[in-house]
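In case you want the letters, here they are:
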Amino acid sequence: MEVVYEDNHIIIVSKRSGEIVQGDKTGDTPLSETVKAYLKTKYDKPGNVFLGVVHRLDRPVSGLVVFARTSKALARLNKMFHDGEVHKTYWAIVQQRPAVREARLTGWIVRNERQNKSYVYDHEVPSSKKAELIYRMIGVSDRYCLLEVKLLTGRHHQIRCQLAAMGCPIKGDLKYGAPRSNPDGGISLLSRSIEFVHPVSKEMVHVEAPLPDEKLWHEMVKC
């Protein structure tokens, strides 16, 4: 765990691929408990440590996760995420070069909870939700492309299924059509930056995640 921002109300950490944000049926130790232990030790807190989970990242995704350290911050951040006032930027490594360097993708997503997978359609269908994002190509090598993605909506597996639907599945993402897995079992999708007005101080917060400790990420940034 790497802390990239911390104050009395908020803590933002950089998650590694493979970590879960909240506890699930696997019984693996979630990131939320790791952060609680960090705060308890750092501030020598007696008893339970308050930590509010504001949002989540898929287990195979790496990058920034925001937690609330106070109930006031939690309530306000929840509303900000719901109202689209928190701006997140993702980086994705894909093997197939997109047809155009920059575009806005609009689709309608249906989530299959049994498969834990989403399907995107080019028109509205029953139980679908509109999904929009903007991508642009920011790096290219002989084999891969680096895309910057800005979410305009927040749907289940949105980036993964929308990029796959345009023929550009994320490297390592077997669930959405990648030809092979990554060595660590993760996918090459990074929650790279996040920006919002602090819910208490009202100052602008902008933080960036460090690149994953993988040679390809650093090579793609140089392209």
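To be clear, the structure that these remarks concern was listed above.
So, here's what we can say about the structure. (Residues numbered from 1 in each chain as written. Predicted model: local features only at pLDDT ≥ 70, side-chain atom pairs only at ≥ 80, totals over all residues. Heavy atoms only, no water.)

1. Here's the deal with helix α2 (residues 71-82)
A rise of 1.5 Å per residue sets the reference length of α2, with its twelve residues, at 16 Å; its end C-alpha atoms lie 17 Å apart and thus fit the reference within 8%. Three or more residues of α2 are buried, namely Ala-73, Leu-74, Leu-77 and Met-80. One side of α2 carries all its buried residues, which in axial view fall inside an arc of 130°. Relative to its buried face, α2 has exposed residues pointing more than 90 degrees away, namely Ser-71, Lys-79 and His-82. Buried positions along α2 lie against β2 (10-15), β3 (52-53), β4 (62-68) and β10 (189-197). Where α2 ends, the next residue or the one after it, Gly-84, has phi of about 75°, a positive value. (Helix = DSSP H or I, 4+ residues; strand = E, 2+ residues; numbered from the N terminus. Expected span 1.5 Å × (residues − 1). Buried < 20%, exposed > 50% of the residue type's maximum accessible area, 1.4 Å probe, protein only. Arc of directions from axis to C-beta. Contact = heavy atoms within 4.5 Å.)

2. Notes on the pattern of salt bridges
In the structure shown here, the tally under the stated rule is 13 salt bridges. A salt bridge links Arg-160 to Asp-173; the nearest nitrogen and oxygen atoms lie 2.8 Å apart. Taken together, the positions of Arg-160 in helix α3 (residues 158-165) and Asp-173 in the loop between α3 and β10 put the pair 13 residues apart, joining distant regions of the chain. Among the ionic pairs, Glu-208 bridges to Arg-192, the shortest N-O distance being 3.5 Å. One end of the pair, Glu-208, is in strand β11 (residues 204-208); the other, Arg-192, is in strand β10, with 16 residues separating them in the sequence. Residue classification places Glu-208 among the partly exposed positions, given a relative accessible area of 45%. Relative accessible area serves as the criterion here: at 15%, Arg-192 is assigned to the buried category. Through salt bridges with shared partners, one network takes in Glu-6, Lys-42 and Arg-69. (Salt bridge = Lys/Arg side-chain N within 4 Å of Asp/Glu carboxyl O.)

3. Points about the environment of Leu-74
Along the chain, the position of Leu-74 falls in helix α2. C-alpha separation for the pair Leu-74 and Val-54, spaced 20 residues apart in sequence, amounts to 6.7 Å. Every residue in contact with Leu-74, bar those within four places of it in the chain, is listed here: Phe-50, Gly-52, Val-53, Val-54 and Ala-68.

4. Section: a positive patch on the surface
A cluster of basic residues, Arg-56, Arg-111, Lys-129 and Arg-155, forms a positive patch at the surface. Inspection of the secondary structure puts Arg-56 in the loop between β3 and β4. Using a relative accessible area of 59% as the deciding quantity, one classes Arg-56 as exposed. (Patch = residues over 30% accessible without salt bridge, like charges linked within 9 Å, V, L, I, M, F, W, Y side chains within 5 Å. Areas by Shrake-Rupley, 256 points an atom, 1.4 Å probe, with all protein chains shown as cover. Lys, Arg positive; Asp, Glu negative; His and termini not counted. Charge placed at Lys NZ, Arg CZ, Asp CG, Glu CD.)

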